[in-house]
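Summary of structural features
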Amino acid sequence: MCGFVGFNYLNKEVLKKALNEINHRGPDGSNIILSNGFSIGHNLLSIRGDISKSIQPISNINSKWILVFNGQIYNLKELKMKLDQEYKIEEIDTIILYEIINRFGWNFIDHIEGMFSIALLNKDTSEIRLYRDESGQKPLYYSQVENNFFFASEIKSLLSLGVNKDIDQNAISYFCHLGYIPGKKTIFKNIKKVLPGQVLGFTESKGLYTSCFTNLSEKSHNKYSFDCLRQDMISLVDDHLQSKTKISLNLSGGMDSSSLLWAAKQSNKKVTAITTFFKDGLEKYNEEAKLAKELCKTLNVDHEILEISNIDYLDNFISSYESIEEPNGNNDLPLYFLMAKKHKYENNTVIISGDGGDETWGGYSYHHMSLKHDSKMFPMNKYKFQNIFLRKAFLNVNNPVDRYLYYRSLIPAFTKNKINSLKKYLKKEFNFLFQNSNFKNLSKTQQMFVIERACWLSEENFLRSDKIYMSQSLEVRSPFADRSFRNSFTRKFSSSDLWADGYSKAPLRDSLDGYLPDSINRRKRKVGWHSPIDDSWYKKDIKSLMLDLFDRDDTEAIDWKNLRNFVLKTEKYPGKFVNYYASLAIIGNLYNIDL
């Protein structure tokens with residue numbers, strides 16, 4: 001896990017300044033290279049051992065390629081079979097990746113499985129290409145200003161290079177609907193994200209161009225048969241435990257993280273676990289913490305409990321939202337931030353997360369409601385009310401983008417309703433999916449899963465995890481987001497297979513009967529991991545912070561004065577939308593801009 005920066009002119013001092021902005025992403029080493037009209041720099045976080053063999057950018061006098069890489073390649077065993085004997089015992093994925101590139105050129109992308117953002121320069125043609133993994137676990141930003149092309153792992157590096165801070169007003173409106181900015185947009189007009197599964201190329205003669213190396217639904221390497229799901233789980237998790245540093249798991253006590261811990265225990269790697277306990281929270285908020293404690297005792301896993309109070313939440317509120325660099329409406333950001341700091345304190349470097357599980361197994365209630373849409377069992381009066389009277393827009397649930405927005409978008413308050421504009425934007429962003437036969441053959445619910453993974457999972461969940469944990473120089477790995485595993489699962493199980501006898505995630509539960517306690521495996525009610533901010537934690541201090549943040553003049557996008565008056569008059573927690581606006585205010589203060 002690392003960070004990198006580059007641009008298409010030669011300037012060592014400017015490059016060093018931009019790299020310094022992301023020192024936290026790579027405290028174990030820094031290196032730069034100036035070649036073929038490009039300046040490229042890299043900060044290293046060492047995971048697999050020998051730092052001297054992991055230094056990037058990686059280049060060789062006998063090779064036409066220059067590589068910078070952030071992430072992990074998991075299918076090293078398969079890749080080494082394609083290389084000469086001298087690489088059979090190599091464990092550094094950067095070296096294996098570079099040799100795969102030397103052998104297959106631009107087609108290297110067809111051979112690798114992992115989470116990554118990559119910049120690859122061809123010295124013969126001075127063409128550079130950027131890649132982001134199919135699940136979007138590693139963010140990658142770029143900007144083109146006239147003839148200058150910039151790219152970086154974080155926004156702050158691009159701003160240090162002089163990219164201006166003109167605001168994208170549509171992005172702000174889309175954020176107010178979703179709680180994150182989907183697709184390639186950011187809050188800045190001149191800074192974009194590389195999309196999951198996208199390749200973005202640049203040459204001086206051609207300028208900027210894009211294409212896709214995956215379509216998020218197509219077939220991948222057939223590694224998982226799902227003839228025995230338990231064995232596939234063990235294999236999946238074992239691939240994600242490749243590390244020479246300490247590994248820990250975020251354990252909520254829910255089905256996803258518990259199944260990952262069980263699978264990790266079957267390997268010969270030592271894995272610990274950390275669970276949160278919320279002080280002064282109602283019992284329902286700590287139900288799964290008790291289950292996590294019992295599971296670790298059963299599996300004989302070292303287990304830490306992180307106790308968090310509303311004061312801890314308040315003290316880390318501003319910092320957690322700032323770490324994302326973009327607006328993010330998740331009201332549990334301070335919890336994630338505190339978890340990251342706890343892992344750092346415990347000297348853990350690799351963190352295993354259950355993120356992506358619900359989007360694979362169909363863990364949310366609206367996933368089940370979507371299945372009812374497929375079978376024409378959905379209450380249409382509710383659908384019409386939501387569309388006509390509340391959203392004042394028509395969302396066609398036979399279209400996966402519309403269906404996703406129906407379930408996952410908020411009806412905005414204190415800002416303009418741009419749901420129709422958002423709908424058109426997302427359909428344009430992911431139009432390539434609708435042209436693909438594999439995608440067309442999926443059920444409407446499965447299609448919605450693909451849209452959900454491309455939007456929320458990559459641009460909220462994974463972006464959030466990357467930024468927060470990398471702020472503490474930690475790497476997060478999410479096995480359930482593995483492309484090969486997830487796509488093989490989708491081919492094996494239909495959406496109707498995911499629910500049985502009132503249980504979600506039926507295939508996973510069936511496979512782990514007798515291996516996980518029934519208190520976890522046969523628990524129907526999904527509590528989820530979230531703070532008591534909507535209950536006992538919303539006290540005077542947190543309300544005062546919100547009021548201070550909202551004390552600002554109205555802008556083109558936000559009616560701040562009426563928002564502040566509403567919060568002032570409301571005694572209870574107003575709802576999660578209030579954190580959307582808190583995030584906007586914090587990001588506005590961070591960049592000294594009016595949002």
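Counting of residues starts from 1 at the beginning of each chain's written sequence and follows it residue by residue. Given that this is a predicted model, residues contribute local features only at a pLDDT of at least 70 and side-chain atom pairs are listed and counted only at 80 or more, while totals for whole chains, interfaces and linings are drawn from all residues. Water and hydrogen atoms play no part in the side-chain values, which are based on all heavy atoms of the structure.

A few words on the overall build of the protein. Strands are runs of DSSP state E lasting at least 2 residues, helices are runs of H or I lasting at least 4, and numbering of each runs from the N terminus. Each helix and strand counted, the protein has 25 helices and 17 strands in total. Atoms counted for the radius of gyration: C-alpha only. Globule rule: 2.2 Å times residue count to the power 0.38. On C-alpha atoms alone, the protein measures out to a radius of gyration of 23 Å, which is about the 25 Å that the 2.2 N^0.38 rule sets for 595 residues. Expressed as lengths along the three principal axes of its C-alpha atoms, the size of the protein is roughly 65 × 60 × 50 Å. Note on exposure labels: buried denotes an accessible area under 20% of the residue type's maximum, exposed denotes more than 50%, and partly exposed covers the range between, all computed with a 1.4 Å probe on protein chains only. Expressed as a percentage of the 595 residues in the protein, the buried residues total 63%. Two residues qualify as a contact provided that any one of their heavy atoms is within 4.5 Å of a heavy atom in the partner residue. Within the protein, contacts between residues at least 6 apart in sequence are counted, and of these 71% link residues at least 24 apart. Summing over all exposed atoms, the protein offers an accessible surface of approximately 22800 Å²; the carbon and sulfur share of this is 47%. Neither His nor the chain ends is counted toward charge; the positive residues are Lys and Arg and the negative residues Asp and Glu. A charge is said to be at NZ when it belongs to Lys, at CZ for Arg, at CG for Asp and at CD for Glu. A gap of 4 Å separates the mean positions of the 80 positive and 71 negative side-chain charges of the protein. Exposure was quantified through the Shrake-Rupley algorithm and a 1.4 Å probe, taking into account, for residues, occlusion by the shown protein chains and nothing else.

Another aspect to go through is the sheet that holds strand β15 (residues 303–308). The pairing criterion for strands is at least two bridges between them, as found by DSSP. The parallel open sheet is built from five strands, whose spatial order is β15-β14-β13-β16-β17. The open sheet has two edge strands, β15 and β17 (475–477), and neither has a second partner. When the angles between neighbouring strand axes are averaged without regard to direction, this sheet yields 30°. Sheet topology places strand β13 (residues 247–250) next to strand β14 (residues 271–278); four bridges connect them, and they run parallel. For helices, the fitted axis covers only the stretch in contact; all axes are lines through C-alpha atoms, and the angles between them, taken along N-to-C directions, range from 0 to 180 degrees.

Counting through the fold element by element, Q446 comes out in helix α19 (residues 444–470). For the pair Q446 and K184, spaced 262 residues apart in the sequence, the C-alpha separation amounts to 23 Å.

Another aspect to go through is the side chain of T490. The residue T490 is located in helix α20 (residues 483–492) in this model. Residues in contact with T490, not counting those within four places in the same chain, are L442, Q446 and R453.

Take the layout of surface pockets next. Think of a 1 Å grid over just the protein atoms. A cavity is a set of points where a 1.4 Å probe fits yet cannot get out, a pocket is an open set with protein on both sides within 12 Å along at least five of seven lines, and lining residues have an atom within 4 Å of a point. Grid points are joined across faces, edges and corners, and a volume is the space filled by probe spheres set on the points. Roughly 390 Å³ of internal volume is contained in the second largest pocket. Around the second largest pocket, the lining comprises 17 residues; the ones closest to its centre are R48, L76, K77, Q242 and K269. Breaking the lining of the second largest pocket down by element, the ones donating at least two residues are α2 (76–80) and α6 (229–239). Here the element with the most residues in the lining of the second largest pocket is α2; it accounts for four residues. Class assignment for the residues of the lining of the second largest pocket results in two nonpolar, four polar and 11 charged. Throughout, the ten residues Ala, Val, Leu, Ile, Met, Phe, Trp, Tyr, Cys and Pro are labelled nonpolar, Asp, Glu, Lys and Arg are labelled charged, and all others, Gly among them, are labelled polar.

Compared with an ideal rise of 1.5 Å per residue, which puts 15 residues at 21 Å, helix α25 (residues 577–591) spans 22 Å between its outermost C-alpha atoms and is within 8% of the ideal. Counting buried residues along α25, 13 of its 15 residues qualify, which places the element largely inside the surrounding structure. An expected span of 1.5 Å times one less than the residue number is assigned to each helix.

Right, let's talk about the sheet that holds strand β5 (residues 65–73) for a bit. As summarised here, the arrangement of the six strands in space is β4-β5-β6-β7-β11-β12, forming an open sheet in which the pairing is antiparallel. Edge positions in the sheet fall to β4 (58–59) and β12 (207–212), since each of these pairs with one other strand and no more. Of the pairings in the sheet, the one linking strand β11 (residues 198–203) to β12 comprises six bridges and is antiparallel in character. Along β12, the bridge assignment pairs T203 with G207. With respect to the sheet, helix α3 (residues 93–104) is in contact with β4, β5 and β6 (114–122), its orientation differing from that of β5 by roughly 130°.

Right, let's get into the pattern of salt bridges. For this analysis, a salt bridge means a side-chain nitrogen from Lys or Arg found within 4 Å of a carboxyl oxygen belonging to Asp or Glu. The tally for this structure, following the rule as stated, stands at 36 salt bridges. Each member of the salt-bridge network shares a partner with another, and the members are R25, K138, E154, K156, E325, D466 and K467.

As a further point, take the pairing of strand β2 (residues 29–35). Here β2 pairs with strand β3 (residues 38–44) via seven bridges, running antiparallel. The residue of β3 that forms the bridge with S30 is N43. Following β2, the chain reverses through two residues before pairing antiparallel with β3; N36 in that reversal takes a positive phi of roughly 50°.

On to the packing of aromatic side chains, then. Under the pairing criterion, centres of Phe, Tyr and Trp rings, with the six-membered ring standing for Trp, must be within 6.5 Å; the plane angle then separates stacked pairs below 30 degrees from edge-to-face pairs above 60, leaving the rest tilted. A full pass over the atoms with the stated rule returns 39 aromatic pairs. Consider the rings of F414 and Y581, whose centres lie 6.4 Å apart with planes at 80°: the pair is edge-to-face. Residue F414 is found in the loop between α15 (400–408) and α16 (419–429), and its partner Y581 is found in helix α25; the two are separated by 167 residues along the sequence. An aromatic cluster is present here, built from Y224, F226, W361, F480, F485, F489 and F493 joined pairwise through their rings.

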